[in-house]
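Remarks on the overall topology
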Amino acid sequence: MSVTGGPRLSTTFRDTTSFEYDGTDDYLQNSSTFDTLDSNTQFSISVWVKMNSLQQGFIFHSSNPAGTAPQVYMFMRSTGRIDVFSAGSSSNWTRSTTNLVAGSWYHIVMTLDQTTGNRYTMQKIYINEVEGDTSNYFGGNMGTGNILNIGRNFTDASYLDGFVNELAIWSDHPLSQTEVTEIYNGGSPNNLADVTTPPTSWYRTEKGVWSGSEWTLTDEMGNGTDLTSANMNESSKVNDVP
């Protein structure tokens, strides 16, 4: 008897946990060079966040350990505005027109597409599926030898006070509005392996393993390096999700 189209229980998706960062010294970092975005001029990064406070801090930051290579980051200002930067000139800034507030979950997507040729639209920010930003991008692609941090800025140790959930990266692909809406899923994380364009890397708290002293987080898609925690406790994994 054919079972085509029947339920696939082994792939049932459930988003039940996130990591909470204390704003003081908690972070995750890859265990070897994070090369997913090496030399890229097109990519997207999606993440769900909830802030405990409006203490300014970095949601993620990828940079050369020496701080000299082009980098990518997402930063929340004390106003709740989101800044993103990727590669090349220090003038490559984009800032959200939406202010986050503490205590609420948000889905944030940043995209870069240098093929558009328009420095005001190459880099975009979507918050809860809506694009809203001011931007001025002068080009340049990602460097190599980068280290990915979640919850802090690698170069000056600025930490995040809040929750991070379902970080996903699309290498060489700028997500469209339709794709962002599909990922947002009405405000509830969904199975990114089943969306129209699955991510290159996807880090899920549910797959985190506690060793007795640190968390290890693997890439759901099997492409990126593992992430390991620093200064986090077993209780940093919490049942708080969008």
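Rules used in this analysis
Residues numbered from 1 in each chain as written. Predicted model: local features only at pLDDT ≥ 70, side-chain atom pairs only at ≥ 80, totals over all residues. Heavy atoms only, no water. pLDDT = per-residue confidence, 0-100. Contact = heavy atoms within 4.5 Å. Helix = DSSP H or I, 4+ residues; strand = E, 2+ residues; numbered from the N terminus. Buried < 20%, exposed > 50% of the residue type's maximum accessible area, 1.4 Å probe, protein only. Phe/Tyr/Trp six-rings, centres within 6.5 Å; stacked < 30°, edge-to-face > 60°. Core = buried A, V, L, I, M, F, W, Y, C linked by side-chain atoms within 4.5 Å. Pairing = 2+ DSSP bridges. Salt bridge = Lys/Arg side-chain N within 4 Å of Asp/Glu carboxyl O.

Next up on the list: the confidence of the model for the protein. In the predicted model, the protein carries a mean pLDDT of 89, and the fraction of residues at 70 or more is 91%. Here residues 1-10 scores under 50 on pLDDT; set against residues more than four positions off or in separate chains, the count is one contact.

Although it is not a glycine, glutamate 129 adopts a positive phi angle of roughly 75 degrees. By the element assignment, glutamate 129 lies in the loop between strand 9 (123-127) and strand 10 (130-131). Given the relative accessible area of 26%, glutamate 129 is considered partly exposed.

Moving on, we come to the packing of aromatic side chains. In this description, a pair of aromatic rings is defined by centroid distance and the angle of the planes. Per the counting criterion, the structure on display carries nine aromatic pairs. Measuring from ring centre to ring centre gives 5.9 Å for tryptophan 48 and tyrosine 184, while their planes differ by 15 degrees; the resulting arrangement is stacked. Here tryptophan 48 is found in strand 3 (residues 42-51), whereas its partner tyrosine 184 is found in helix 1 (residues 177-184), with 136 residues between them in sequence. Exposure remark for tyrosine 184: the relative accessible area of 13% places this residue in the buried category. Taking 5.1 Å as the distance between ring centres and 75 degrees as the angle between the ring planes, the aromatic pair formed by phenylalanine 58 and tyrosine 73 counts as edge-to-face. Separated by 15 residues along the polypeptide, phenylalanine 58 in strand 4 (residues 57-63) and tyrosine 73 in strand 5 (residues 72-76) bring together distant segments of the chain. Classification of phenylalanine 58 as buried rests on a relative accessible area of 8%. You can call tyrosine 73 partly exposed: its relative accessible area is 22%. Aromatic rings pair up to connect Phe58, Tyr73, Phe75 and Phe85 into one cluster.

Next up on the list: the nonpolar core. One finds Ile59, Ile82 and Ile108 to be the most contacted residues of the largest nonpolar core, which totals 39 residues. At five residues, strand 3 tops the list of elements feeding residues into this core. For isoleucine 108, the residues in contact, after removing those within four places along its chain, are Ile45, Ser46, Val47, Val49, Ile59, Met74, Ile82, Leu100, Ile125, Tyr126 and Ile127. In terms of nonpolar packing, the next biggest core, distinct from the first, is built from 10 residues, Tyr126, Ile183, Val195 and Trp202 among them.

Here we have 10 strands laid out as an open sheet, ordered 11-7-6-5-4-12-2-17-16-15, and antiparallel in their pairing. Two strands close off the open sheet at either side, each with one partner strand: strand 11 (133-136) and strand 15 (209-210). Pairing of strand 15 with strand 16 (residues 215-217), which is carried by two bridges, proceeds in the antiparallel orientation. Each bridged residue has a counterpart across the sheet, and for valine 209 the counterpart in strand 16 is threonine 216.

Our focus in this paragraph is the pattern of salt bridges. Tallied over the full model, the rule gives six salt bridges. Across the pair lysine 50 and aspartate 240 runs a salt bridge whose closest N-O atoms are separated by 2.7 Å. One end of the pair, lysine 50, is in strand 3; the other, aspartate 240, is in the segment after strand 18 (237-238), and 190 residues separate them in sequence. Assigned by exposure class, lysine 50 and aspartate 240 land together as buried. Its salt-bridge partner being arginine 77, residue aspartate 83 comes within 2.8 Å of it at the nearest N-O pair. Note on aspartate 83: relative accessible area 10%, which makes it buried.

With that settled, consider the environment of asparagine 118. Relative to the assigned elements, asparagine 118 resides in the loop between strand 8 (105-113) and strand 9. Measuring from C-alpha to C-alpha, the distance between asparagine 118 and threonine 16 comes to 40 Å, with 102 residues separating the pair along the chain.

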